[in-house]
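Architecture at a glance
Chain by chain, the residues:
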Amino acid sequence: MLFWRVKPLDKILETAGKKALTRQLGAFQLTMLGIGAVIGTGIFVLTAEAGQKAGPAMMIAFIIAAVVCGLAALAYAELASMIPVAGSAYTYTYGVLGEGLAWVVGWALVLEYAVAAGAVSVGWSGYMNGLLMHTNLFGLVEPGALSLPRWLQTGPYDGGTFNILAFGIALLVTWLLVIGTSKSAKVNAVLVTIKIAALIAFIVIALPAVNNQNFEPFFPTGWGSPMGGVGVLGAAASIFFAYVGFDAVSTASEETKNPNRNIPIGLLGSLLVCTIFYLLVGYGAVGAAGSAPMVGADGVVLSPGTPEMAAVCAMASNADALVCSKEPLAHVMRMVGFGKVGNAIGLAAALALPSVVLMMIYGQTRIFFTMSRDGLLPERLSKIHPKYKTPYVITIITGVFVALFGAMFPVGILADISNSGTLFAFIMVSIGVMILRKQQPNRHRPFRTPLVWVVCPLAVAGCLLLFVNLSMYTISLFFIWAAIGLVVYRLYGYKRSDMARGITGPEGGPTMPPEPPFHEGPQA
């Protein structure tokens, strides 16, 4: 059931109405595109999460995650160049491994997009709550006067009741998507500049404040263990969230001059620059503020995003702990005496992160739209609004769930769940590249993965390594979600898909005006 009904790649391209794009991007432009896509939510939010899992050794976790992403990116780029259409890993899997596995991948991408949007919403709310706590609104109010009640700042797993800001930003973005608002390239360029400037300011101020004693012990939690969710590998499995978005380079392969040369330069160059940024930020944060993990009464390191962790962080003695902060970079700046810079970094995050939520929800609706076009989901879910010409039904449904995710769950749990779906999708893509090399060796490939029989197996192994080092809770949720998806497929898509009904051309499924491209992961 899983490995049949392979949709021919030619039909996928025909269905999508492929159009040729001008090859105009060079290596430098691709590298800049990748830097802008990768640096974002993860580094602003998950530094505290990584510190709790690995302590100062979080810096090694950054390197491990970057290597795995680099390998997966090289595999991803080949399929992205061959099948430059909407649908992402779902579409690639449909064209190589068959409908059943394509459905599982598409179902897993709900974790990557919708849950990631929830994680970004929570990250945004952390910085907004910090701003409300510390701002005096240009002298108009006392610091703290605008702060929300504690029970409205976080969800029930994190010491609160309902994260109202995360809930609100997700609904606001959903409304913007329903009426057809999308961010322009100019706006995105401004946001990229703001967030990079914020990180540079953090590095310049934090590095001179480094205290070498804060790096001892360097490995407080060791390397970790499978399904343990802590240690260096557990931190790398979480930090992976900070790198996803590199496919902005992969999906630009159709517009790239000399892609076989420039795609690897753009991918690896952007990952290298971002890794250096992340290492400097991690070094500055740990060195200036320390990152000793919180432990329970039994001496065991607590898992982030649990009531036990929230209770320990609520103690007055731990008020300044980096691993307890919801706005780690701004928090470090305030600890070293640069409160105004901390507020500025918080403002930068508050300005940049909503655009990430927008692109995540947008990407999720387009995945659902593509699956609906293939008949795997009901056509009415992708009903187009008569005035705004957007798939408003699935957008509203997605947005409500994202808002609820953000309101109820902490950022670390949501990021890990999102990573589980992303890692699975990348494994399928890497396997698909190898299968196509055997099945269709003569098919035109604008970009060919170098050393494919080394890179792709290593990409699969790396993704599996990170996957098994997620927490048992996260892995269990992934398999439960996958099982639910298989049941839904068996009851609906198995009989009603276009492939099942013999429809393989562009006549199947709904249509809508072409949408701008989107990228996987939390990239702004």
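Higher on the page you've got the structure.
Let us look at the structure shown here.

The next subject is the overall build of the protein chain. Summing up its helical and strand segments, the protein chain has 19 helices and zero strands in all. A separation threshold of at least 6 residues defines the contact pool for the protein chain, and within that pool the share at least 24 residues apart is 82%. For the protein chain, the exposed area adds up to about 19900 Å²; of that, 68% sits on carbon and sulfur atoms.

Tallied over the full model, the rule gives one disulfide. Note that C313 is cross-linked by a disulfide to C324, the S-S spacing being 2.0 Å. On the sign convention where negative means left-handed, the S-S torsion of about -75° between C313 and C324 marks this disulfide as left-handed. Remark: C324 occurs in the loop between helix 13 (307–313) and helix 14 (328–335) and C313 occurs in helix 13; sequence separation between them is eleven residues. Neither C313 nor C324 differs from the other in exposure class; each is buried.

Taken together, the side chains of R380, R490, K495 and R496 define a basic patch exposed on the protein surface. Of note, K495 is situated in helix 19 (residues 472–496).

This next bit is on unusual backbone geometry. In this model, E216 is joined to P217 through a cis peptide bond whose omega is -5°. Of note in the backbone geometry, M227 takes a positive phi value of approximately 65° without being a glycine.

In this structure the tally under the stated criterion is six salt bridges. Salt-bridge contacts for E49 lead to K53; the nearest nitrogen and oxygen are separated by 3.9 Å. Linking E49 with K53, this pair stays in helix 4 (residues 47–54), spanning four residues, or about one helical turn. Accessibility classification places E49 together with K53 in one group, the buried group.

Another aspect to go through is the nonpolar core. Counting 143 residues, the largest nonpolar core has I39, F44, F202, Y243 and Y278 as its most contacted members. Here this core takes 23 residues from helix 7 (residues 99–134), the largest share from any one element. The next biggest cluster of nonpolar side chains, apart from the first, holds ten residues, and it includes L71, A77, L267 and A459.

Before going further, it helps to examine the environment of I35. When you line up the elements, I35 lands in helix 2 (residues 27–38). Between the C-alpha atoms of I35 and G266, which are 231 residues apart in sequence, the distance is 9.2 Å. The contact partners of I35, leaving out residues within four places of it in the chain, are I196, S270, V273 and C274.

Attention shifts here to helix 16 (residues 392–408). Its 17 residues give helix 16 an end-to-end C-alpha distance of 24 Å, which sits within 8% of 24 Å, the value for a rise of 1.5 Å per residue. Listing the buried residues of helix 16 in full gives Y392, I394, T395, T398, G399, V402, A403, G406 and A407. Each element contacted by the buried residues of helix 16 is listed here: helix 7, helix 8 (164–178), helix 15 (339–373) and helix 17 (411–439).

We now examine the packing of helix 5 (residues 58–82) against helix 17. Relative to each other, helix 5 and helix 17 sit at 60°, their axes nearing to 9 Å. As judged from the angle between their axes, helix 5 and helix 17 are oblique. Every pair of crossing elements has a handedness; the one defined by helix 5 and helix 17 is left-handed. Only F426, V429, S430, V433, L436 and R437 of helix 17 make contact with helix 5, whose side of the interface consists of A72, A75, Y76, E78, L79 and M82. A breakdown of the residues in the contact of helix 5 with helix 17 according to their chemical character gives nine nonpolar, one polar and two charged.

With that settled, consider the side chain of S420. The residue S420 is located in helix 17 in this model. Residue classification places S420 among the buried positions, given a relative accessible area of 0%.

On to helix 15. The first and last C-alpha atoms of helix 15 sit 51 Å apart over 35 residues, in line with the 51 Å expected at 1.5 Å per residue. Most of helix 15 is tucked away, with 28 of its 35 residues classed as buried. Looking one or two residues beyond helix 15, the residue adopting positive phi is G375, at roughly 85°.

Next up on the list: the environment of S238. As for its position among the elements, S238 is in helix 10 (residues 231–239). Taking the C-alpha atoms as reference, S238 lies 9.8 Å from T47; in sequence the two are 191 residues apart. Discounting residues that sit within four places of it in the chain, S238 has contacts with L46, E49, K53, D416 and N419.

This paragraph deals with the packing of helix 8 against helix 15. Between two packed helices, what matters for the description is the angle formed by their axes and the separation of those axes. Close contact between helix 8 and helix 15 brings their axes to 9 Å; oriented N to C, the two are set at 60°. The pairing of helix 8 with helix 15 is recorded here as oblique in orientation. Crossing hand, helix 8 versus helix 15: right-handed. Across the interface between the two elements, I169, A170, V173, T174 and L177 from helix 8 touch P354, V357, L358, I361 and Y362 from helix 15. Counted by class, the contact of helix 8 with helix 15 contains nine nonpolar, one polar and no charged residues.

Calculation rules
Residues numbered from 1 in each chain as written. Predicted model: local features only at pLDDT ≥ 70, side-chain atom pairs only at ≥ 80, totals over all residues. Heavy atoms only, no water. Helix = DSSP H or I, 4+ residues; strand = E, 2+ residues; numbered from the N terminus. Contact = heavy atoms within 4.5 Å. Areas by Shrake-Rupley, 256 points an atom, 1.4 Å probe, with all protein chains shown as cover. Disulfide = S-S within 2.5 Å. Buried < 20%, exposed > 50% of the residue type's maximum accessible area, 1.4 Å probe, protein only. Patch = residues over 30% accessible without salt bridge, like charges linked within 9 Å, V, L, I, M, F, W, Y side chains within 5 Å. Salt bridge = Lys/Arg side-chain N within 4 Å of Asp/Glu carboxyl O. Lys, Arg positive; Asp, Glu negative; His and termini not counted. Charge placed at Lys NZ, Arg CZ, Asp CG, Glu CD. Core = buried A, V, L, I, M, F, W, Y, C linked by side-chain atoms within 4.5 Å. Expected span 1.5 Å × (residues − 1). Axes fitted to C-alpha atoms, helices over the stretch in contact; angles between N-to-C directions. Parallel < 35°, antiparallel > 145°, perpendicular 65-115°, else oblique. Left-handed = near helix turned anticlockwise from the far one by under 90°. Nonpolar A, V, L, I, M, F, W, Y, C, P; charged D, E, K, R; others polar.

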